[in-house]
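Chain and residue survey
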Amino acid sequence: MWCQRLACLLSVPCQRTGHHLLGLPCVRRTLTTAVARWHHTVPESLSCAWQLHGDHLELRYADTLMRFDFVWLRDHCRSASCYNAKTNQRSLDTASVDLGIKPKAVRVDETTLFLTWPDGHVTRYGLQWLVKNSYEGQKQQVMHPRILWNAEIYHQAQVPSVDCRSFLETDEGLKEFLQNFLLYGIAFVENVTPTKEDTQILAERISLIRETIYGRMWYFTSDFSRGDTAYTKLALDRHTDTTYFQEPCGIQVFHCLKHEGTGGRTLLVDGFYAAEQVLRQAPDQFELLSKVPLKHEYIENVGDCHNHMIGVGPVLNVYPWNNELYLIRYNNYDRAVINTVPYDVVNRWYTAHRTLTTELRRPENELWVKLKPGKALFVDNWRVLHGREAFTGYRQLCGCYLTRDDVLNTARLLGLQA
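Each residue is numbered by its place in its chain's sequence as written, counting from 1. This being a predicted model, a pLDDT of at least 70 is required before a residue's local features are given, and a value of 80 or more before pairs of side-chain atoms are given or counted; all residues contribute to the totals for chains, interfaces and linings. Remark: hydrogens and water are excluded; side-chain values derive from all non-hydrogen atoms of the structure.

Per an unreviewed UniProt entry, the recorded name for the protein chain is Trimethyllysine dioxygenase, mitochondrial, and the organism is Odontophorus gujanensis. UniProt positions are given in the numbering used here, feature names are shortened, and annotations may be inferred rather than shown by experiment. Listed under Pathway (unreviewed entry) in UniProt, the entry text for the protein chain is "Amine and polyamine biosynthesis; carnitine biosynthesis."

Bringing the overall build of the protein chain into the picture now. Check the secondary structure of the protein chain and you find 12 helices and 24 strands. Whether two residues touch is decided by their heavy atoms; if any such pair falls within 4.5 Å, the residues are in contact. Considering only contacts within the protein chain whose residues lie at least 6 apart along the sequence, 71% involve residues at least 24 apart. Carbon and sulfur atoms form 51% of the exposed surface of the protein chain, whose accessible area is close to 20,100 Å². Working definition: helices are DSSP H or I runs of at least four residues, strands are E runs of at least two. Numbering for both runs from the N terminus. Accessible surface is estimated by sampling points in the Shrake-Rupley manner with a 1.4 Å probe; for residues, cover comes only from the protein chains shown.

Mapped onto the secondary structure, Arg146 falls in the loop between helix 4 (135–139) and helix 5 (151–157). Judged by its relative accessible area of 14%, Arg146 falls in the buried class. Apart from residues lying up to four places away in sequence, Arg146 is in contact with Leu182, Leu183, Phe272, Glu324, Leu325, Tyr326 and Arg383. A 1.4 Å probe rolled over the protein chains alone gives each residue an accessible area, and that area as a share of the maximum for its type sets the label: buried under 20%, exposed over 50%, partly exposed in between.

Paired strands, as defined in this entry, are two strands with at least two bridges between them according to DSSP. Spatial ordering of the open sheet is given by 7-8-9, a layout of three strands whose pairing is antiparallel. Only two strands of the sheet have a single partner each, and these edge strands are strand 7 (105–108) and strand 9 (122–126). Looking at each pair of strands side by side, their axes are set apart by 15 degrees on average, direction ignored. Of the pairings in the sheet, the one linking strand 7 to strand 8 (residues 112–116) comprises four bridges and is antiparallel in character. Opposite Val108, over in strand 8, you have Leu113 as the bridge partner. For every element, the axis is a line fit to its C-alpha atoms; helices are fit only across the contacting stretch, and the angle between N-to-C directions ranges from 0 to 180 degrees.

Next up on the list: the side chain of Asn150. In this fold, Asn150 is placed in the loop between helix 4 and helix 5. The buried category is assigned to Asn150, whose relative accessible area is 10%. Counted as a polar contact is a pair of N or O atoms within 3.5 Å, where, for protein atoms, one must be capable of donating a hydrogen and the other of accepting one, and residues adjacent in sequence contribute only when both atoms are in side chains. Of note is the side chain of Asn150, whose polar atom sits 3.3 Å from the backbone nitrogen of Glu152. Apart from residues lying up to four places away in sequence, Asn150 is in contact with Tyr273, Glu364 and Asn365.

Let's shift gears to the sheet that holds strand 14 (residues 236–239). If you trace the four strands from one edge of the open sheet to the other, you get 14-23-16-21, paired in antiparallel fashion. Each end of this open sheet is capped by a strand with a single partner; those strands are strand 14 and strand 21 (367–369). Across the sheet, the mean angle from the axis of one strand to that of its neighbour is 20 degrees, orientation sign disregarded. Summarising the sheet, strand 16 (residues 266–270) and strand 23 (residues 384–388) pair through five bridges and their orientation is antiparallel. Looking across to strand 23, one finds that Thr266 is bridged to Arg388. Docked against the sheet, helix 9 (residues 271–281) engages strand 16 and strand 23, running at close to 40 degrees with respect to strand 16.

What follows concerns the packing of aromatic side chains. Pairing of aromatic side chains requires ring centres within 6.5 Å, counting the rings of Phe and Tyr and the six-membered ring of Trp. Pairs whose planes differ by under 30 degrees are stacked, by over 60 edge-to-face, and all others tilted. Following the criterion strictly, the structure yields 19 aromatic pairs and no others. Seen from their ring centres, Trp218 and Phe254 are 6.4 Å apart, and the 70 degrees between their planes marks the pair as edge-to-face. Of this pair, Trp218 sits in strand 13 (residues 218–220) while Phe254 sits in strand 15 (residues 251–260), placing them 36 residues apart in sequence. Residue classification places Trp218 among the buried positions, given a relative accessible area of 7%.

It is worth spelling out helix 9 at this point. The element helix 9 is largely enclosed, with a buried count of nine among its 11 residues. Residues Gly271, Phe272, Tyr273, Ala274, Ala275, Glu276, Gln277, Val278 and Leu279 constitute the buried set of helix 9.

Here the focus is the packing of helix 7 (residues 171–184) against helix 12 (residues 404–413). Pairs of packed helices are described in terms of their axes, by the angle between the two and the distance that separates them. At their nearest, the axes of helix 7 and helix 12 sit 10 Å apart, and the two run at 120 degrees to each other. Of the possible angle classes, the one that applies to helix 7 and helix 12 is oblique. Handedness of the helix 7/helix 12 crossing: left-handed. Judged by residue contacts, Leu174, Leu178, Phe181 and Leu182 of helix 7 engage Val407, Leu408, Thr410 and Ala411 from helix 12. Residues were grouped as follows: Ala, Val, Leu, Ile, Met, Phe, Trp, Tyr, Cys and Pro as nonpolar; Asp, Glu, Lys and Arg as charged; and all remaining residues, including Gly, as polar. For the contact of helix 7 with helix 12, the class distribution of residues is seven nonpolar, one polar and no charged. Each angle receives one of four descriptions, namely roughly parallel if under 35 degrees, roughly antiparallel if over 145, roughly perpendicular if within 65 to 115, and oblique otherwise. What makes a crossing left-handed is the near helix being turned counterclockwise from the far one by less than a right angle; a clockwise turn instead makes it right-handed.

Most peptide bonds take the trans configuration, and most residues that are not glycine carry a negative phi. A positive phi angle, near 50 degrees, is found at Gln158, a position not held by glycine. On the secondary structure map, Gln158 appears in the loop between helix 5 and strand 10 (162–163).

The following block contains the structure:
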């Protein structure tokens, strides 16, 4: 899904083409042979082939060409003396491995790679495990499957809300909710008692609540009790929260407890969908937004609240091995003075930022939702931007931030890829 430009820059150069593929039976192979040759597990099969080089093993299996450094192969040994299968932790002292280590012998059968090391220790790897855990295999995978959306795509999907009782009392309801959340970055729970206490019970079903400078559970109204535009009746443009934290909060929970007035609809925009459009139209600008670090800042001196927070990071954050986007840090309100970018890059950054902003502000990308008492909204703050229209009258929300690690942990324990 994501551009492979960065992954290509980091990948190991391919070996020269033209190797003669020898249909040899499985044999032990030592590093004393001068010429590296391909070997196959059985003469009639080309499904698995391997050859040794001076510092790595090259293995072709399941249509994937993989290269493994010898130190890596020794470090990841899953034998009982190297790895504790009960705790799923490494026992081997990596610093004790000779950085110039080479296997004394190599053997491959239809399912397993066997390596004998100079001290006689034997390491065994399942070939499927190697495909899953190789750099080349990871480069072809996504960490978190997602469905990118604009308003039309989301409406057509008819993503159901989950009933509060099912969410709280059954694994099936919780799993359905988390699957929706992981795929779309937003999810709703219906029939929630409109109190802060009941909203807290809801939140704690999937995660620890992250305590911040705003407390754990907070009430939210237009009393300007905090030094933030959100505590007014003004419209708020799309943004992600806590960009001024070194690690922005992962999930935000909103529950409207009361609104006696007009307006106040919530705006939701899939930031990853917008970034995907930038990637297609201007990959150089996408790359720039993923590399240039910016400061975001929160300065507050209201009543007893005195805070000065600074977070640093690029607008788009990607995994370097496959260029998969995992976090968008976008908040024009809180972006600090740009003093981390050299002058000859600043204008190009503004151009890239304008391209992304244009996508984020396209009307077709805007999902408008009227939050009402009893309907709680969970938002992936690393992906989905939120805002609101101006409102009149008294409007009170409650909510909290959740720790992302705990939400993903809950999802994995239910068998979801997260």
